[in-house]
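# Per-entry structural report
The lines below spell out each chain.
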Amino acid sequence: MSDLVESRADSTLAEFTADVCRRLASGLLDRTGDDLRDLVAQEVDGLRAALSDPSFLDTADAPSDPPFVSPKGYTTINTNPVTSRRNPLAPLVTIEHDGDVVEMTTTLSLPYQGPRGRVHGGYAAVLLDHVLWHAVRSRLDSVSFTRSLTITYEQALPIGTELTMTGRVTEIDGRKTFAAGEIKAGDVVCVRGEGLWVSPRPRT
Ligand SMILES: CCCCCCCC(=O)SCCNC(=O)CCNC(=O)[C@H](O)C(C)(C)COP(=O)(O)OP(=O)(O)OC[C@H]1O[C@@H](n2cnc3c(N)ncnc32)[C@H](O)[C@@H]1OP(=O)(O)O
């Protein structure tokens, strides 16, 4: 991807298109017949307008995930399936660091549903993996990878309700960093997670 460059207008168009994909993914799961046709037509009209007249997107927010130059000097795109505005699989999340604690919020729609009205357990694990990884990353200079992650499902995690994910480091032992956290809906802890992140062995 070394020659990947993009104008601000094209980055904005890419993120607008990802938002269209998100709305269509939800609409496909809760609309039928004319309702679904109306949504598809409206989104297609929006995409046509954005393509033919760039000023259509002039008032949009500045792109949050344009291509960027990595620390190693190559140009790349944030593909992250939790945070990238440009990846339609990613819900929109906020992430805040408060000292050692990382907090992430999001509201999940039907594409993330498992049992009726509840978030798919695997996606709850994705959210915890991500917030715990951020907590670990904030304490280390090097990269580290999830080595183990244990999830405990205490309560149903609701679809369509704001969720708060919290993560903190509990222990650092050489290359090993342990972290723990939870997902809350309101004041209720629905899911807990704890795991181990390991930095690769230094090259000899
Ligand atoms: C932008 C980025 C977004 C990030 C998203 C969130 C993070 C991710 O999703 S990461 C992707 C998923 N994870 C991966 O792909 C990792 C795959 N695994 C690996 O690459 C390797 O196993 C790796 C590099 C983590 C560790 O390899 P290696 O150095 O050989 O590990 P290994 O020596 O077996 O274990 C390291 C230490 O952990 C200990 N350990 C291993 N498993 C456990 C466990 N379950 N509990 C306690 N200790 C353990 C070992 O005993 C060892 O301890 P010590 O150093 O004291 O002897």
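These lines cover the structure that appears in this document, whether it is placed above or below. (Residues numbered from 1 in each chain as written. Predicted model: local features only at pLDDT ≥ 70, side-chain atom pairs only at ≥ 80, totals over all residues. Heavy atoms only, no water.)

## Considerations on the site of the ligand
- The ligand sits among N80, D129, W133, F145, T146, R147, S148, R175, K176, L196, V198 and R201.
- In this structure, a nitrogen atom belonging to the ligand sits 3.1 Å away from a main-chain N or O atom of T146.
- Between the ligand and R175 there is a distance of 2.7 Å, counted from an oxygen atom to a side-chain nitrogen or oxygen.
- In isolation the ligand offers 1200 Å² of accessible surface; the protein chains occlude 49% of this area.
- At the level of secondary structure, the elements contributing two or more residues to the shell around the ligand comprise α3 (121-137), β5 (145-153) and β8 (188-198).
- Top element by residues in the shell around the ligand is β5. It accounts for four residues.
- Residues of the shell around the ligand, tallied by class, amount to four nonpolar, three polar and five charged. (Near = heavy atom within 4 Å. Polar contact = N/O pair within 3.5 Å; in protein donor to acceptor, adjacent residues only side chain to side chain. Areas by Shrake-Rupley, 256 points an atom, 1.4 Å probe, with all protein chains shown as cover. Helix = DSSP H or I, 4+ residues; strand = E, 2+ residues; numbered from the N terminus. Nonpolar A, V, L, I, M, F, W, Y, C, P; charged D, E, K, R; others polar.)

## As for the sheet that holds strand β4 (residues 101-107)
- If you walk across this open sheet you meet the six strands as β3-β4-β6-β7-β8-β5, and the pairing is antiparallel. Looking at strand neighbours, the two that pair on one side only are β3 (94-98) and β5, the edges of this open sheet. On average, each strand axis in the sheet is inclined to that of its neighbour by 20 degrees, with strand direction left out of account.
- Of the pairings in the sheet, the one linking β5 to β8 comprises eight bridges and is antiparallel in character. Note on β8: the bridge partner recorded for Y153 is V191.
- With respect to the sheet, α3 is in contact with β3, β4, β5, β6 (162-173), β7 (176-185) and β8, its orientation differing from that of β6 by roughly 50 degrees. (Pairing = 2+ DSSP bridges. Axes fitted to C-alpha atoms, helices over the stretch in contact; angles between N-to-C directions. Contact = heavy atoms within 4.5 Å.)

It is worth stressing that arrangement in space is one thing and function is another; only the former is reported here.
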